[in-house]
Amino acid sequence: KTEPSNYVGVKNGLNNRYRVLDVSVIQRNGSDPEKHLTITASESLENTQLCILRNGWESVPVVPGDIIHLEGECSSGTWVINQQSGYLVLYPDLLLSGTTISNSIRCMRRAVLSERFKGSESGSRQTLIGTILHEIFQQSVTNNLAREKVEELANKIVYGQKYLREMYHLNLKQMEIMQEVEEYLPSFFKWAEDFLHNPANQNKMQLKLSSHEKPEDLSSKIEIVDILDIEENIWSPRFGLKGKIDVTARVKIHRQSGVQSRIMPLELKSGKESNSIEHRSQVILYTLMNLERRVDPEAGFLLYLKTGTMYPVSGTRMDRRELMKLRNHVAFYLTHSTYKSAVGKEHSQLAALPPVIDDSQACKYCSQIHNCFLYSRAVEQKMASVSFPPAMVPVVETETRHLKPSHLEYFSLWYLMLTLELQSGEGKKGYKNIWMMPSMEREKAGDCVGNMIRVDEVQEISEGQYLHFFQRRNGVIPGTNLLVGDRVVVSGEENGLLGLATGYVREVGVTKVSCLLGRNLSKLPKNTIFRLDHEEGDFGIGVPFENLSKLMRDSQVSERLRNLIIDFHKPRFIQHLSSVLPPEAKETVANILKGLNKPQKQAMKQVLLSEDYTLIVGMPGTGKTTTICALVRILSACGFSVLLTSFTHTAVDNILLKLAKFKVGFLRLGRAQKVHPDIRKFTEEEICRSKSIKSVSDLEEVYSSQPVVATSCMGVNHPIFVRKQFDFCIVDEASQISQLICLGPLFCSKRFVLVGDHQQLPPLVLNAEARDLGMSESLFKRLEQNQNAVVQLTVQYRMNSKIMSLSNMLVYEGKLECGSEKVSNATVSLPNLKKLKLELADASKTWLKEVLDPDTPVCFLNTEKAGCKSSDIGIISPYRHQLKTITDLMGKLKENRVEVNTVDKYQGRDKSIIIVSFVRNSNDDNLGALLKDWRRLNVAITRAKHKLIMVGCVPSLCRYPPLEKLLCHLQSEAMISFFLHAVFIFKCNIL
DNA sequence: TCTCTGCCCAGAGGA
């Protein structure tokens, strides 16, 4: 099957989804062109309907295979979308924000680029003041607009904790901010007088609501009678829109003919009173989104906070239509960002972006200019079809002059791979299941809990964090993947209440779930039924795009990294330790070195001598954590600042837990929710709370208090890194991190150390084409070709010699050695073994016999009687389904603490006894990819310290080259017997 | 052919 990766199930009804089967352009003499679409809402592609696009709608760039949503009327199998009625929404499940669309009015290229490069706009003084003013106004208008209350609130917010980070980032003082904020406040009160409760009489405006109004009725007096919501979050899968509405208000419109009441959107602006088309468009889009939740407001308001002036904005059919066409265009570019060339049908290529506009004035202030020129130079210049404003050609040339052809190639290759990966991710996850799938159905996959009502009071834990309690309406919550700490989206079960709030899972009980949400939902009707969906957005892909862009910048840091990473410049080392080792640190360093083995000491030395980077190969069980910990201690003893990172929070905390035992202070960045409880006291969040940090200078002190800062690779967007450069950056698990993600922390330091083992599992890449193009090559792997930068940790303390020998034979060419005699000879301690052996000898049916008996299709090797702790046993399999079967069977055992998990999840861990279930038992040609990867096998066989038991069908497994090698070795070593150190059990049809 | 982690986010203004 060759379904497009963004395949969505088609369906009828309110959220209808049609697949376009055919597109034809009809041009009759003398009449306007039309586009006729053959569409279907059935999976079998039968029951086609016709959709006719007229009056400009024919320009929608729809192609066969696209998914569309239709609004309007369908009579006898034909939809007509024209000037008066109907909308065509292209890729409706791609929700675009109001600002994205209004930004695209001036330059669609910029709108598309900002969807990819989200962090490029780094914020400014004005945006921060705008955000703060929004909050002051929103809170005042809901609670109290009395002068002294507003002043008090403004003080609380400006001198509070919430915006300190951004102030630090922009190097602003709270005083300056407060001064500027105060200038706005009188306008707040003027606005209140004009529009709130008994509004002043001079408030008269021309407000058009529907096309049938009498001219004398346009003149209206506006009265805001109630504030229903602030920052209301709306997802509209009907129009393919999303957005947050500043203020949702009940408005009374006083007119000659009488009074009308409406619920309308109010958009706040703190900048210049422009009443611009962009601002107005935003309001019009909000009126459309409002249709998801209430009757058509037909209009909204634009309120300029500087003056208190409020403009009416009508959502006329014409404006809505044009904005939806614009949305479709942006959606088209985002969806069709790659194409398969006609010749080599298998190869994807990057498509052109929307054209560069010919407006040097607008480009001058554009935040995406760098990415715009980069894409043009690296990707589009090779395309014959892309026409380019001649005036811009030399500008692009100049702006990208610092890049060599190799850099441009790297950019376009990685841009392509990231785009492909993004498409795969969207197809698999995506938010769309929240509205396209009933909760009942989604519960089966475990990604959702539906049929919940809110119980108990909502508790405000801290600013903007509300603890909610949900209870299953009847019965218990079915098996769910939802775990404590996961991100969730809370929606109403009924249509239109999508995406009410997002937050984190606090606790999961049998019938109850508690969540920490960003919004207080207590205002919703008591009987609202909720669903909680596991949030699986595409957030992560923004980081590598951003890092790719950063790597191409015209800056010293970027140039250095380009030289090292793209052009493979040789890493440099200095000759003598004396120049880096301060005399006063010598004793401390010597003491730390005492606890290390030879290769570990060598690694320390290499890092200290490095001027660019060092790669530490940490083979299984060689004490990577100990090594990193020692490294951090030595570096900080020498007076260096260190940035410590890894891909996962768990891995970062693993090192920190060890580091905390020594006298090395550190600052842990990242959400406290995600941090190990014992490390939480070192997080920014906790420190700021306990020290009640309330000023920028206090915060500065916290940030500069520790020479060691630890965070995940994705967390390097923190403002601290804008102003601080580290001497060394250490990246753990580096062989498992995608190249561009690994790059993030490297921008923040002078030198770096990557720790990993490329013989273990590589970074995960979903898209096969991206993988073939080289996307799973980690930075660690890429740089490993510079052997002079590599040190290997070969002395291991995990496996006994027999277990170690397997992996030595398979991948490490005999380099691995045991750390001591004790390690080498260690065996599992089974206190009751003697007794068991007697029992086994007695009984005619020994348990081993049972295992081998063909009449026992399912069995478990029960070591319970032998007396080791169940927590010392781990069961590993490449396949989730297998694990589920095993877990279900083991659920019946009491006192069961055996850990069952995938090979992938077991990487970095060990157990005394490991049982590997290989599952595969078939003679067909579907071999599957998982077992072909010798790195996965290497991980699987290097987890056990004392005993490794493998279960599988030998003839089947022999067809996998890595396993074949292993099995031959096992056979030759006669490792096929009971209670040897490594056992292989011949068994077909097992489990 | 079935392996899965990371992130707050849409909008804060500027011309």
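Throughout this description, residue numbers start from 1 for each chain and increase along the sequence as written. Whichever chain is written first becomes A and whichever ligand is written first becomes 1, with later ones labelled in order. It should be noted that, the model being predicted, local features are given only for residues of pLDDT at least 70 and side-chain atom pairs only at 80 or more, the latter also being counted only at that level, while totals for whole chains, interfaces and linings use all residues. To get the side-chain values, take all heavy atoms of the structure and skip hydrogens and water.

### Here's the deal with the overall build of chain A
Right, so step 1: Helix and strand counts for chain A stand at 35 helices and 36 strands.
Right, so step 2: Overall size of chain A, expressed as C-alpha extent along the three principal axes, is 100 × 75 × 65 Å.
Right, so step 3: Each residue is placed in one exposure class: buried if its accessible area under a 1.4 Å probe, protein chains only, is under 20% of its type's maximum, exposed if it is over 50%, and partly exposed if it falls in between. Taken across its 991 residues, chain A has 53% of its residues classed as buried.
Right, so step 4: Whether two residues touch is decided by their heavy atoms; if any such pair falls within 4.5 Å, the residues are in contact. Intrachain contacts of chain A at a sequence separation of at least 6 include 71% that bridge at least 24 residues. Under the DSSP-based scheme used, a helix requires at least four consecutive residues in state H or I and a strand at least two consecutive residues in state E, with every element numbered from the N terminus.

### Side note on the environment of Gly 756
Right, so step 1: Tracing the backbone shows Gly 756 in strand β28 (residues 749–756).
Right, so step 2: You can call Gly 756 buried: its relative accessible area is 2%.
Right, so step 3: Separated by 140 residues in the primary sequence, Gly 756 and Ile 616 have C-alpha atoms spaced 6.4 Å apart.
Right, so step 4: Among residues more than four places away in sequence, those in contact with Gly 756 are Ile 616, Val 617, Gly 618, Ala 734, Ser 735 and Phe 780.

### Focus on the packing of aromatic side chains
Right, so step 1: Working definition: a ring pair exists when centres of Phe, Tyr or Trp rings (six-membered ring for Trp) sit within 6.5 Å. Plane angles under 30 degrees give stacked, over 60 give edge-to-face, the rest tilted. Counted according to the given criterion, the structure contains 21 aromatic pairs.
Right, so step 2: With 4.4 Å between their ring centres and 40° between their planes, Phe 666 and Phe 682 make a pair best called tilted. Of this pair, Phe 666 sits in the loop between α20 (649–659) and β25 (667–668) while Phe 682 sits in the loop between β25 and α21 (684–690), and the two are 16 residues apart along the sequence.
Right, so step 3: Each residue in the set Phe 117, Tyr 375, Phe 411, Tyr 415 and Phe 545 is aromatic and connected to the rest through ring pairs, giving one cluster.
Right, so step 4: Positioned above the aromatic ring of Phe 662 is the side chain of Arg 633, whose terminal nitrogen or guanidinium carbon lies 3.6 Å from the ring centre. In our convention, an over-ring charge means Lys NZ or Arg CZ found within 6 Å of a ring centre and within 35 degrees of that ring's normal.

### Comments concerning the environment of Pro 571
Right, so step 1: Residue placement: Pro 571 occurs in the loop between α16 (556–566) and α17 (586–594).
Right, so step 2: The spacing of Pro 571 and Asp 612 is 41 residues in sequence and 5.4 Å in space, taken between C-alpha atoms.
Right, so step 3: Setting aside its immediate chain neighbours within four residues, Pro 571 contacts Asp 612, Tyr 613, Asn 786, Asn 788 and Ala 789.

### Remarks on α20
Right, so step 1: Here α20 has its buried residues at Ala 651, Val 652, Asp 653, Ile 655, Leu 656 and Leu 659.
Right, so step 2: On the buried face of α20, the contacting elements are α19 (624–637), β24 (642–646), β25 and β26 (708–712).

### Considering the packing of helix α2 (residues 108–116) against helix α8 (residues 317–335)
Right, so step 1: Axis separation between α2 and α8 bottoms out at 10 Å; the angle between their running directions is 50°. Relative to α8, the element α2 lies oblique. As α2 packs across α8, the resulting crossing turns out to be right-handed. Between α2 and α8, the residues in contact are Met 108, Val 112, Glu 115 and Arg 116 and Leu 326, His 329, Val 330, Tyr 333 and Leu 334, respectively.
Right, so step 2: In this classification, Asp, Glu, Lys and Arg are treated as charged, Ala, Val, Leu, Ile, Met, Phe, Trp, Tyr, Cys and Pro as nonpolar, and every other residue, Gly included, as polar. Grouping the constituent residues of the contact of α2 with α8 by class yields six nonpolar, one polar and two charged. Angles shown run from 0 to 180 degrees and are taken between the N-to-C directions of axes, each axis being a line fitted to C-alpha atoms and, for helices, limited to the stretch in contact. Angles are sorted into four bins: roughly parallel if under 35 degrees, roughly antiparallel if over 145, roughly perpendicular if 65 to 115, and oblique for all others. Each crossing gets its handedness from the near helix: less than a right angle anticlockwise from the far helix is left-handed, clockwise is right-handed.

### Some words on the UniProt feature "domain: DNA2/NAM7 helicase helicase" (unreviewed entry) in chain A
Right, so step 1: UniProt positions are given in the numbering used here, feature names are shortened, and annotations may be inferred rather than shown by experiment. The UniProt entry lists residues 596–694 and 700–766 under the feature "domain: DNA2/NAM7 helicase helicase" (unreviewed entry), expressed in the numbering used here.
Right, so step 2: Annotated as residues 596–694, this span is 44% helix and 13% strand, and its ends, taken at the C-alpha atoms, are 43 Å apart.
Right, so step 3: Annotated as 27% helix and 28% strand, the span residues 700–766 places its first and last C-alpha atoms 41 Å apart.

### A few points about the nonpolar core
Buried together is how nonpolar side chains tend to be arranged in soluble globular proteins.
Right, so step 1: By convention a nonpolar core is built from buried Ala, Val, Leu, Ile, Met, Phe, Trp, Tyr and Cys residues, the set being connected through side-chain atoms within 4.5 Å. Among the nonpolar cores identified, the biggest contains 202 residues, and Phe 188 and Trp 191 are the most heavily contacted of them.
Right, so step 2: Among residues more than four places away in sequence, those in contact with Trp 191 are Phe 137, Val 141, Leu 145, Leu 196, Ile 224, Leu 266, Leu 303, Gly 308 and Met 310.
Right, so step 3: Counting 38 residues, the second largest nonpolar core, distinct from the first, contains Ala 585, Val 652, Leu 656 and Ile 679.

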